[in-house]
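Fold and contact review
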Amino acid sequence: MDSRSKYLGLLALTLQQAAMPLLVRYTRHRASEEVFITTVNVFMMDLFKIFACTAFLIRSGSPSRFLKDLHHALWVDRIGFLKISVPAAIYVLQNNLFYIAGSHLEATTVYICYQMKMFTTAFLMRVMLGKVLSGRQWIALCILVAGVIDVQLVYAPPAESGPQSVAEQNPAIGFSAVFAMCFTSALAGVYMEKVLKSSEQSVCMQNIRISLFSLPIGAASMLFYDRETIMQDGFFRGWDFWVVVLTIFNSVGGLLIAVVIKYADNILKAYAQSMAIIGAAVGSWLLFDFVPNIQFMFGASLVMSSIVVYSLYPYRAPAVFDLKSMGQLPVDVVQIHPERLFFPDPRPPKN
């Protein structure tokens, strides 16, 4: 079951991450009066996530068990519930930034530039958690930055024509949204690891907690930014089959990542991300007017290579021998050869 869950999770995560930027681009590539309202979509994503997680928990247990666990998660463990408010607010902001980036940039560009979140995550983990990276990992992050810069320099928005064309693209707004996504994604992830990783709540219950905080924030965003538009054009303006698919895909993305982390490892996750980049590039070439040139492919290859190198060469602390646990040790080893007490561990890392 673990092996099946691992490979199914990897396949689903690859498809989801490759399809998301394409779906955003396709559903937003419409006239301004026909495109869906982003704040409404973000609100519906949280609502769908609550229904999906609730259905899964009831199916895996029972309604009475679910109500008991929900009472414990929301009322008994009130401190843990309140701590969720920080990543919940960040996730709402990040979802809106994703739509802004998808409206102003080509799908593959959004996905590749978003991989810079590994650099911001490494920086925040070093500052907030004290995590040490290996030299090869820092080199991989530098390669990542070089690839992202190469993609940004070569990008040019596709030409639009006709009376039904969408609003003019602004690459500066798109790249700013992507880089803001990188920072917010890293902040939310590091915060979750620092404060909530030790929680006894299940992945689905944690997502219900986050969504319960995100719903009022999303509702406030709708009223503040799009109240007049909703009153005039309706709550579900521009919704069709593909917008529903987009909403579902974005809702289950966090659950898929949790499944991969639980049953697979970082190396396989890196390969899934690399394959998703290739899938997004092929999809943009087939569905839209994006034609990747040599410079763009070089930047994409740098990004994919950096992801793999970063996961293959984690930091390994040097092994330190405890003299007390070793029993009687010849004196000359300590006095003449102290370097023998400290050397890098040659054993491969454990899974």
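What you are looking at is a predicted structure, and each value in this text was computed from that prediction instead of being measured.

Scoring rules and cut-offs
- Residues numbered from 1 in each chain as written.
- Predicted model: local features only at pLDDT ≥ 70, side-chain atom pairs only at ≥ 80, totals over all residues.
- Heavy atoms only, no water.
- Helix = DSSP H or I, 4+ residues; strand = E, 2+ residues; numbered from the N terminus.
- Buried < 20%, exposed > 50% of the residue type's maximum accessible area, 1.4 Å probe, protein only.
- Contact = heavy atoms within 4.5 Å.
- Areas by Shrake-Rupley, 256 points an atom, 1.4 Å probe, with all protein chains shown as cover.
- pLDDT = per-residue confidence, 0-100.
- Core = buried A, V, L, I, M, F, W, Y, C linked by side-chain atoms within 4.5 Å.
- Expected span 1.5 Å × (residues − 1).
- Arc of directions from axis to C-beta.
- Phe/Tyr/Trp six-rings, centres within 6.5 Å; stacked < 30°, edge-to-face > 60°.
- Patch = residues over 30% accessible without salt bridge, like charges linked within 9 Å, V, L, I, M, F, W, Y side chains within 5 Å.
- Salt bridge = Lys/Arg side-chain N within 4 Å of Asp/Glu carboxyl O.

When you go through the protein residue by residue, the secondary structure sums to 14 helices and two strands. In the protein, which comprises 351 residues, the share counted as buried stands at 45%. In the protein, of all internal contacts separated by at least 6 residues, the share reaching a separation of at least 24 is 87%. Accessible surface, the protein: about 19,400 Å² in total, of which carbon and sulfur atoms supply 65%.

With that out of the way, let us pick up the confidence of the model for the protein. Of the residues in the protein, 74% reach a pLDDT of 70 or more, and the chain-wide mean stands at 75. Below pLDDT 50 for its whole length, residues 331–337 participates in three contacts with residues either more than four positions away or in separate chains. This stretch, residues 339–343, has a pLDDT under 50; its non-local contacts, to residues over four places away or in other chains, come to 10 contacts.

Take the nonpolar core next. Among the nonpolar cores identified, the biggest contains 40 residues, and Tyr99, Leu141, Val178, Leu246 and Tyr310 are the most heavily contacted of them. Once residues within four sequence positions are removed from consideration, Tyr99 is found in contact with Val24, Phe36, Thr38, Asn41, Val42, Met45, Leu246 and Asn250. Counting residues in hydrophobic clusters, the runner-up holds nine residues, among them Cys53, Leu70, Cys204 and Leu255.

Glancing now at helix α3 (residues 63–76). Its 14 residues give α3 an end-to-end C-alpha distance of 19 Å, which sits within 8% of 20 Å, the value for a rise of 1.5 Å per residue. The set of residues buried in α3 consists of Phe66, Leu70 and Ala73. The buried residues of α3 occupy an angular sector of 70 degrees when projected down its axis, which confines them to one face. Among the exposed residues of α3, those pointing more than 90 degrees away from its buried face are Ser64, Leu67, Lys68 and Trp75. Considering only its buried residues, α3 is in contact with α2 (38–60), α4 (78–83) and α10 (203–233).

With respect to the secondary-structure elements, Ile84 resides in the loop between α4 and α5 (85–104). With a relative accessible area of 0%, Ile84 lands in the buried category. Sequence-wise, Ile84 and Arg209 are 125 residues apart; in three dimensions their C-alpha atoms are separated by 6.9 Å.

Here the focus is the packing of aromatic side chains. Per the stated rule, a full pass over the model turns up six aromatic pairs. Aromatic pair Phe175 and Phe179: ring centres 6.4 Å apart, planes at 25 degrees, arrangement stacked. Remark: Phe179 and Phe175 occur in helix α9 (residues 171–196); sequence separation between them is four residues, near one turn of the helix. Judged by centre distance (5.2 Å) and plane angle (75 degrees), the rings of Phe241 and Trp242 are edge-to-face.

Before going further, it helps to spend a moment on a nonpolar patch on the surface. A cluster of nonpolar side chains, contributed by Val282, Trp285, Leu286, Leu287 and Val291, occupies part of the molecular surface with about 570 Å² of accessible area. Note that Leu286 resides in helix α12 (residues 266–287). Taking the relative accessible area as the measure of exposure, Leu286 reaches 61% and is therefore exposed.

Inspection of the secondary structure puts Asn207 in helix α10. Accessibility expressed as a relative area gives 11% for Asn207, which makes it buried. Discounting residues that sit within four places of it in the chain, Asn207 has contacts with Lys49, Cys53 and Leu255.

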